[in-house]
Amino acid sequence: MSSTVARALRPVGTAGKLFAFALDVARGLFRRPFQLREFLQQAWFIASVTIIPTALVAIPFGAVIALQVGGLIKQFGAQSFTGTASVLAVIQQAGPIATALLIAGAGGSAIAADLGARKIREELDAMMVLGIDPIQRLVAPRVLACMLVAVFLNGMVSVVGVAGGYVFNVVLQDGTPGAYLASFTALAQLPDVWVGMIKALIFGLIAAIVAAYKGMNAAGGPKGVGDAVNESVVITFLLLFVVNFIISTIYLQVVPPKTG
């Protein structure tokens, strides 16, 4: 009976340890000296492994949204709002989510694998023996790098997605270029851009913290590192969709939609 209860409460304990780890990372972000070289190296690495896949994913995202939204709006006879509906969907939802999935799948898995390999080689224990905090030395620069790259990738996804939606709407749905561009300001507003950027920033933070936590707690040799990588990606995906729902709900309550 006690073992059953322990297994049932294990996810709660894991969530508590992850939250405590996040607090340690937040404290490590403000400790000095700041590891600038490590931050730049990680930012360049994460950008190099995610920029091309993110750009390729953004094109079908924008195309699918343009086709679906355009077809639906056409049934209501409101083709003039196709542009603004597509832009809102890309900027508020598709852009941050696509960015987060690539950051977690490519950058986060690399972080978990790197820290997991250091863990099983006992490098992290050696650093602690020497008085070096692994969180301040290794984790904090990676977290900041993921947050920075996520914001820039979100901007790229938004631009590519909107451009892709424009091309597919004009070419495949016989839309009018002038009406598509003029409808941007009909319902869209500046806070829509800001909420997309804030989502990307938070998603990058979550992906990096989960990946670092699973990597630093890997055990069982190379198989344990592989399990940590898989678990970090799955947990990050689940958290991203939950957090995206919460942020979207709060945003729609705080910022009322713009009426045409």
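Please read all numbers here as calculations on a predicted model, not as lab measurements.

Rules used in this analysis
Residues numbered from 1 in each chain as written. Predicted model: local features only at pLDDT ≥ 70, side-chain atom pairs only at ≥ 80, totals over all residues. Heavy atoms only, no water. UniProt positions renumbered as here; feature names shortened; annotations may be inferred. Helix = DSSP H or I, 4+ residues; strand = E, 2+ residues; numbered from the N terminus. Axes fitted to C-alpha atoms, helices over the stretch in contact; angles between N-to-C directions. Left-handed = near helix turned anticlockwise from the far one by under 90°. Contact = heavy atoms within 4.5 Å. Nonpolar A, V, L, I, M, F, W, Y, C, P; charged D, E, K, R; others polar. Expected span 1.5 Å × (residues − 1). Bend = angle between axes of the 7 residues up to and from the residue. Polar contact = N/O pair within 3.5 Å; in protein donor to acceptor, adjacent residues only side chain to side chain. Buried < 20%, exposed > 50% of the residue type's maximum accessible area, 1.4 Å probe, protein only. 1 Å grid on protein atoms, 1.4 Å probe; cavity = no way out; pocket = protein on both sides within 12 Å on 5 of 7 lines; lining within 4 Å. Points joined across faces, edges and corners; volume = space filled by probe spheres on them. pLDDT = per-residue confidence, 0-100. Core = buried A, V, L, I, M, F, W, Y, C linked by side-chain atoms within 4.5 Å. Parallel < 35°, antiparallel > 145°, perpendicular 65-115°, else oblique. Salt bridge = Lys/Arg side-chain N within 4 Å of Asp/Glu carboxyl O.

1. Quick look at the UniProt feature "transmembrane region" (unreviewed entry) in the protein
UniProt records the feature "transmembrane region" (unreviewed entry) at residues 42-67, 87-113, 143-168, 193-213 and 233-254, using the numbering of this structure. The span residues 233-254 is 100% helix and 0% strand, and its two end C-alpha atoms sit 31 Å from each other.

2. Some words on the packing of helix H5 (residues 134-172) against helix H8 (residues 190-216)
Put simply, H5 and H8 touch, their axes get as near as 8 Å, and they point 145 degrees apart. Seen from above, H5 lies across H8 with right-handed handedness. Facing Pro 134, Ile 135, Val 139, Arg 142, Val 143, Cys 146, Met 147, Ala 150, Val 151, Asn 154 and Gly 155 of H5, the residues of H8 in contact are Gly 196, Met 197, Ala 200, Leu 201, Gly 204, Leu 205, Ala 208, Ile 209, Ala 212 and Met 216. When its residues are assigned to classes, the contact of H5 with H8 shows 16 nonpolar, four polar and one charged.

3. Focus on H5
With 39 residues, H5 should reach 57 Å at 1.5 Å per residue; the first-to-last C-alpha distance of 53 Å fits that figure. Helix geometry: H5 is bent most strongly at Ala 140, by close to 30 degrees, with proline Pro 141 lying one to four residues after it. N-cap assignment for H5: the residue whose side-chain oxygen lies 3.2 Å from the backbone N of Ile 135 is Asp 133.

4. Observations regarding the side chain of Arg 142
Structurally, Arg 142 can be placed in helix H5. A relative accessible area of 3% means that Arg 142 is categorised as buried. There is a polar contact of 2.6 Å between the side chain of Arg 142 and the side chain of Asp 114. With sequence-adjacent residues up to four places away left out, Arg 142 is seen in contact with Glu 38, Gln 42, Ile 46, Ile 111, Asp 114, Leu 115, Arg 118 and Ala 208.

5. Some thoughts on empty space enclosed by the protein
As enumerated under the stated definition, the model contains two cavities of 30 Å³ or more in all. Size it by volume and the largest cavity reaches roughly 40 Å³. The wall of the largest cavity is formed by Gly 28, Leu 29, Arg 31, Arg 32, Pro 33, Phe 34, Gln 35, Gln 136, Ala 140 and Pro 141. Of the residues forming the lining of the largest cavity, the biggest block, three residues, is contributed by H5. Of the voids in this model, the second largest cavity is the one considered here, and its volume is about 30 Å³. Lining the second largest cavity we find Ile 97, Ala 100, Leu 101, Phe 203, Leu 240 and Phe 241. If you tally residues by element for the lining of the second largest cavity, the top one is helix H3 (residues 82-120), at three residues. The class makeup of the residues in the lining of the second largest cavity is six nonpolar, no polar and no charged.

6. So, the confidence of the model for the protein
Across the protein, pLDDT averages 80, with 84% of residues at or above 70. Averaged pLDDT values for the elements of the protein fall to 67 in helix H7 (residues 184-187) and rise to 88 in H8.

7. Some details on the nonpolar core
By size, the foremost hydrophobic cluster in this structure holds 43 residues, and its most contacted members are Phe 21, Val 25, Ile 103 and Val 139. If you list the elements that add at least two residues to this core, you get helix H1 (2-28), helix H2 (36-75), H3, helix H4 (123-129), H5, H8 and helix H9 (222-254). In this structure Val 139 touches Phe 21, Val 25, Leu 115, Pro 134, Ala 212 and Met 216, once residues within four positions along its chain are discounted. Judged by nonpolar contacts, the second largest core, of six residues, contains Ile 65, Val 87, Val 90 and Val 162.

8. Some words on the environment of Ile 132
Note that Ile 132 resides in the loop between H4 and H5. Note on Ile 132: relative accessible area 36%, which makes it partly exposed. Ignoring sequence-local partners within four residues, the contact set of Ile 132 consists of Met 127 and Arg 137.

9. Focus: the packing of H8 against H9
It is at 9 Å that the axes of H8 and H9 come closest, and there the two elements cross at 155 degrees. Relative to H9, H8 is oriented roughly antiparallel. Both H8 and H9 take part in a crossing whose hand is right-handed. Where H8 abuts H9, its residues Pro 191, Asp 192, Val 195, Lys 199, Ile 202, Phe 203, Ile 206, Ala 207, Val 210, Ala 211 and Lys 214 lie against Ala 228, Glu 231, Ser 232, Ile 235, Thr 236, Leu 239, Leu 240, Val 243, Asn 244, Ile 247, Ser 248 and Tyr 251. When its residues are assigned to classes, the contact of H8 with H9 shows 15 nonpolar, four polar and four charged.

10. Some remarks on the pattern of salt bridges
Under the defined criterion, the tally for this structure stands at ten salt bridges. Between Glu 38 and Arg 137 there is a salt bridge; the shortest N-O distance is 3.5 Å. Pair noted here: Glu 38 is in helix H2 and Arg 137 is in helix H5, with a separation of 99 residues, a long-range link. When the shortest N-O distance is used, the salt bridge between Glu 123 and Arg 121 registers 2.8 Å.

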